[in-house]
Amino acid sequence: MSTGHSELHTKHEQITKYIESLPVGTKLSVRQIAQDLDVSEGTAYRAIKEAENIGLVSTKRRIGTIRMEKKEEPVIDKLTFAEIVNVVEGVVLGGSTGIHKSLNKFVIGAMQLEAMLKYIEAGNLLIVGNRVQAHMCALGQGAGVLITGGFDTTPEVKELADELHLPIIGSSFDTFTVATMINRAMEDRLIKKKILMVGDIMRKDSTIYSLEGTDTVKDMQKLAEKTMHTRYPVIDGKKVPIGIITTKDIVGAKPNQLISSLMTPNPLMINLKTSVASAGHMMVWEGIELLPVIDNERKMIGVISRKDVMKAMQHMQQQPQNAETFEVQIYAGIDEVRDAEGKLSFRGTITPQMTNFEGLVSEGVLTTIMIRAAYRTVKEHKKGDLILDSSSCYFLIPLQMDEVFEIVPTIVEMTRRFCKIDMEITANGARVARSMFTARIL
């Protein structure tokens, strides 16, 4: 399968190396890459999505796809001083050798020194302004120091920090802002921790069955008899996935025919940091049952099936809520109501947080509430989750603060994998908004 070049890279590898060679901040487009590397736009699109999965590029709405600095995400069980530096956009003034130590508590220095010392322990972080004596005492107690307001400290304090390997961090923000930023970062960490990743569900103790492009139909038939599986990833000599093949693909093929001539090439791939929800979305939209999992060098380290994803998503729905996203907070005040016949509807009140600068309800907030209500309506009839396909929203009358509204869902159509729901919002006997949602059911 040599191409005449000494390189054995696939087109995807070539595109990945090309993207890696671009300066950080370069804007990419499918058409441009297809032209520059003489590949089809479909191949370019899949390669860009793969580059996004491994952190080479980032796609932002209204901006496009941008080459970004690839960051290795360390597995961090506890918050470190280094993370705090990033959160508060700070600088390390001293004790840089201790920057990767973990911390266990924050203490805000807004009291007399004697009282402050009662609260400071080893492994803490004291958040304080330009109070040099407090800096010294905190280091003596085994705590790091975060100096707010853009202030510096004395050379003696820095020397002590270096000696004790305890970091002193400087930030230009005031104490209140710094505390708010850290609280927000902690909540983000809880949300991220709750999100299930492919690495959390991939079975590491089971055998990975695969075929090589040089294998024959006869080889696949033997493997299928042994494993009873109906689909396999196809890899090259470097263990890089180059295709997917199913038992349907070999129907009527000759026993000595090569797998590479029958497989579906350029498979979509994911890594351990891909979210399970994203993997499920990919499988539904692309109509695939198996995704190869690759490492940073694109070598296959496992596979994820649609069955694995479905089980994981059911498990996620049963987990307690550790931290709230904006969407959860918006929907938190909505009550479920049932009529005499048991039909489900939803009722809520417009809070100040739901309004725009004019004091009227935000259309985006109403849309979010209707989508969440649609999800809940489907769960009345089907298990599993939804992937929103399309929506059409019409806003007829603006709602004001403290107005009570009701959402009435009507299922227009529902099959095993598809649903269409009409949502109507009323207030004071008048129709306020109406939406039609279509979604795929996982």
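Residues numbered from 1 in each chain as written. Predicted model: local features only at pLDDT ≥ 70, side-chain atom pairs only at ≥ 80, totals over all residues. Heavy atoms only, no water.

Some points on the overall build of the protein
(1) Moving on: For the protein, the count of helices and strands is 14 helices and 21 strands.
(2) Moving on: Residue burial in the protein is summarised as follows: out of 442 residues, 40% are buried.
(3) Moving on: Pairs at least 24 apart in sequence give 55% of the contacts found in the protein among residues at least 6 apart.
(4) Moving on: Accessible area of the protein: about 24,900 Å², with a carbon and sulfur share of 51%. (Helix = DSSP H or I, 4+ residues; strand = E, 2+ residues; numbered from the N terminus. Buried < 20%, exposed > 50% of the residue type's maximum accessible area, 1.4 Å probe, protein only. Contact = heavy atoms within 4.5 Å. Areas by Shrake-Rupley, 256 points an atom, 1.4 Å probe, with all protein chains shown as cover.)

Focus: the side chain of Ser-435
(1) Moving on: Tracing the backbone through its elements, the reader meets Ser-435 in strand S21 (residues 430–441).
(2) Moving on: Among all residues touching Ser-435, those that are not within four sequence positions of it are Met-370, Ser-392, Cys-393, Ile-421, Asp-422 and Met-423.

Notes on a negative patch on the surface
(1) Moving on: Together, Glu-156, Glu-159, Asp-162 and Glu-163 line one region of the surface with negative charge.
(2) Moving on: Considering the arrangement of structural elements, one finds Asp-162 in helix H7 (residues 155–164). (Patch = residues over 30% accessible without salt bridge, like charges linked within 9 Å, V, L, I, M, F, W, Y side chains within 5 Å. Salt bridge = Lys/Arg side-chain N within 4 Å of Asp/Glu carboxyl O. Lys, Arg positive; Asp, Glu negative; His and termini not counted. Charge placed at Lys NZ, Arg CZ, Asp CG, Glu CD.)

Considering the nonpolar core
(1) Moving on: Ile-369, Phe-405, Ile-407, Met-423 and Ile-425 are the most contacted members of the largest nonpolar core, which has 30 residues in total.
(2) Moving on: At the level of elements, strand S17 (344–349), helix H14 (363–379), strand S19 (404–414), strand S20 (418–427) and S21 are the ones that each hand at least two residues to this core.
(3) Moving on: Leaving out residues up to four positions away in the same chain, Ile-369 has contacts with Ile-330, Tyr-331, Ile-334, Met-354, Phe-405 and Ile-407. (Core = buried A, V, L, I, M, F, W, Y, C linked by side-chain atoms within 4.5 Å.)

Remarks on the packing of helix H1 (residues 11–21) against helix H2 (residues 30–37)
Helix packing geometry: the angle between the two helix axes and the distance between the axes.
(1) Moving on: For the pair H1 and H2, the least separation of the axes is 11 Å and the interaxial angle reads 110°. One way to sum up the angle between H1 and H2 is to call them roughly perpendicular. On H2, the residues that touch Gln-14, Ile-15, Tyr-18 and Ile-19 of H1 are Ile-33, Asp-36 and Leu-37.
(2) Moving on: The class makeup of the residues in the contact of H1 with H2 is five nonpolar, one polar and one charged. (Axes fitted to C-alpha atoms, helices over the stretch in contact; angles between N-to-C directions. Parallel < 35°, antiparallel > 145°, perpendicular 65-115°, else oblique. Nonpolar A, V, L, I, M, F, W, Y, C, P; charged D, E, K, R; others polar.)

Taken by themselves, the reported measurements are silent on function.
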